[in-house]
Amino acid sequence: ISINIMRICMTLKKYFKKFAALGLAVSMLASVTACSGNSDKTTPEVELEEDVNVNLWYSDDRYTGYFEECARRYHESNAHVTVMLNLVEDENYLDDVYNSCIKSDDGADIFMMSSDDVQKAYLMGLMSANTLYPETFNEDVYGRAAIAASTYSGRLLGYPLTFETSVMVYNKKFATPFKTFEEITGFSDNFQHTDENEAVTQIIGWDVSDVSLNYAFLGEYMNVGGDNADDVTKTYLQDDNIKAAAQAYLQFKDSYGIVRDNPKYSDYIRKFTEGSLLYTIVNTSDLSSIAASGIDYGIMQIPDYNSTLKTRAMSKTYMLAVTPYASNSRIAASVARMFTYDYADELISLSSMPAARGDIPDHPEQYNALHSVYAGTALKARYMEAGDYYLKLEIMLHQIWDKTASVGDAYIQFKDYVTTTMNLTNKTQTAK
C-alpha cells in the first residue's frame, strides 16, 4: 500500500474512532492532571465516567515486569483506565502495529519502538506529536540525544524510555578514570603487580569486531544523516581526521595485544567482573550483569585518543509513541508519560535497562555518569537505508584491524560507497 493510501485509510479510521469516543471525550477534564514527580510516587489522575482500555504494544520481554507494575499503579489511581499489554514478535513489528490500528477497534494505542524506525513509523502515519507536556519532554529533563532521537521533521513525536550506547567501565579498586587512551597506555606501562592485585592479568581490552562498540573511534569526525540523523542526503566525513583516527585505532592492536574475535565480547565482560581485566568497553544493556557481579566499578565515556584526537560514541533511543488511531489521545499520552517519566526511576530495577529520563534524583553515581555520556552521543542514523552504512563502516574497521588493507585504501573503499549512495559533503571542522 502506498504512503498516500495508508494516510487516507488512517484519516478515515481516525474520524470513525472520534465519533465513537465523543461521549467519552466530553466527560474528560480539559487537561490531564500529571503527578507531582517521582519522589512521592503519586500517579497521574484523570476523570472519566466510562471505562477505557489503552493498548500498549511492545516486542521485548525485558520490559514486561516494568510495564505490568506501572500499569497496575495507574489503574489503582484511575479505575476507569486499564492498560492492556501486548507482547508481540519483533518480525514485521511496525506492519503488525499498523494493521492492528486500521483493521480493529482494539488496535495499538501506544507502541514501543527504536529510534532506528522513526522515519518508517512516521511515513506510515503511526506517530502522533508529543505536545501535551512540554515542561517534561525537553532537553533539560532528557538530554539532547533523547529529544533529538524522538524528533522527526521538526516535531517531537516520541516519549523517550531507554537507550543503548557504548561506555568504558573500569575497576575502581585498582584503576581510575582517564580522559585519554594516551593516559591509559602510560598507566599500563607502569602498572606494578602486588599481592593485592595478583588477579589482574590484563589492563585493557574490548571486542573490536562490533561496530556499535567501536563507532566512537571515528564518530567525532563523521555525521550520518545531518544534525538529527534523519536525512540521507546529509553525510559529512572529515577525511584527514578520519584517517588519523583510524591509524591511531590500529595502534591499539600492538599496544594492547587485542586479537579480533578472540576473546569474544562475553569473555571480556566475564574477565572484568572476575577482576582480571581493569578497563573494557561495553553496551549499556550489559551494565546490569556487571552490577550484579558485585564488583566496584565506574562508568566513563570512551576516552579520547589524546588531547587533540577525539572520540564520540553512538546511541539509539527506545521510545513510546501514541498512534493517531488511539480512541482517547489524551489518556494515551498520559499513559505514555507515566511509563517514561513518572516511574522512570524504577526502570533499571524492573527491566535492567537505564531510563532515558536524566533528572532522576537519588540515582547511584554510575547512573549519573552514564546519562552524561548518553546526552552527548552521536545519534544512530534514522533513515531507512542506514543499515548498509554501518555494515560498510564495520567492514572498513575490520580491514584496518586485520591489516587486509591499508588505512588509506580501506577508507577509499568506504568513501566510494558513501559517495555513490549519498550526497556526501566534506567538512573541515568538527562534525556536530
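A. A look at unusual backbone geometry. Residue P263 is bonded to the preceding N262 through a cis peptide linkage, with omega at 5°. Tracing the backbone through its elements, the reader meets P263 in the loop between α11 (239-256) and α12 (265-274). The backbone of S153 sits at a positive phi, close to 55°, despite the residue not being glycine. One non-glycine residue, K403, adopts positive backbone phi at about 60°. Here K403 shows up in the loop between α17 (387-402) and α18 (407-421).

B. Fine view of the pairing of strand β1 (residues 52-58). Counting buried positions along β1 yields 6 of 7 residues, so the element is predominantly enclosed. Bridge count between β1 and strand β2 (residues 81-87): 7 bridges; the pairing is parallel. Residue pairing across strands places N53 opposite T82, the latter belonging to β2. Taken together, β1, helix α3 (residues 64-77) and β2 constitute a β-α-β crossover, and its handedness is right-handed. Bridge count between β1 and strand β3 (residues 110-114): 2 bridges; the pairing is parallel. The partner of W57 across the bridge, within β3, is F111.

C. Layout of the pattern of salt bridges. Using the criterion set out here, one finds 17 salt bridges in the structure. Of the charged contacts in the structure, one is a salt bridge between E69 and R73, with a shortest N-O distance of 2.8 Å. Taken together, the residues E69 and R73, both in helix α3 and 4 residues apart, mark about one turn of the helix. Owing to a relative accessible area of 19%, R73 belongs among the buried residues under this scheme. Where R382 meets D230, a salt bridge forms, and the shortest distance between an N and an O atom there is 3.4 Å. Of this pair, R382 sits in the loop between β13 (378-379) and α17 while D230 sits in the loop between β8 (222-224) and β9 (235-237), and the two are 152 residues apart along the sequence. Residues R382 and D230 agree in their burial class; the two are buried. Ionic contacts of the salt-bridge type, sharing partners, join the residues E69, R72, R73, E76 and E346 into one network.

D. Summary view of the packing of aromatic side chains. Applying the stated rule across the entire model yields 31 aromatic pairs. Look at F178 and Y279: their rings are 6.3 Å apart centre to centre, the planes differ by 35°, and that puts the pair in the tilted class. Of the two residues, F178 sits in the loop between β6 (159-171) and α8 (181-189) while Y279 sits in strand β10 (residues 277-283), which places them 101 residues apart along the sequence. Grouping residues by exposure puts F178 and Y279 together as buried. Plain terms: the ring middles of F252 and Y256 are 5.4 Å apart, the flat faces sit at 25° to each other, and that makes the pair stacked. Here the residue F252 and the residue Y256 both occupy positions in helix α11, the gap between them amounting to 4 residues, near one helical turn. Of the two residues examined, F252 and Y256, each falls in the buried class. Taken together, F181, W206, F217, Y249, F252, Y256, Y305 and W401 form an aromatic cluster joined through their ring pairs. Residue placement shows K380 over the ring face of Y390; its charged tip is 5.6 Å from the ring centre.

Conventions we followed
Residues numbered from 1 in each chain as written. Predicted model: local features only at pLDDT ≥ 70, side-chain atom pairs only at ≥ 80, totals over all residues. Heavy atoms only, no water. Helix = DSSP H or I, 4+ residues; strand = E, 2+ residues; numbered from the N terminus. Buried < 20%, exposed > 50% of the residue type's maximum accessible area, 1.4 Å probe, protein only. Pairing = 2+ DSSP bridges. Right-handed = clockwise from strand over helix to strand, strands pointing away. Salt bridge = Lys/Arg side-chain N within 4 Å of Asp/Glu carboxyl O. Phe/Tyr/Trp six-rings, centres within 6.5 Å; stacked < 30°, edge-to-face > 60°. Lys NZ or Arg CZ within 6 Å of the ring centre and 35° of its normal.

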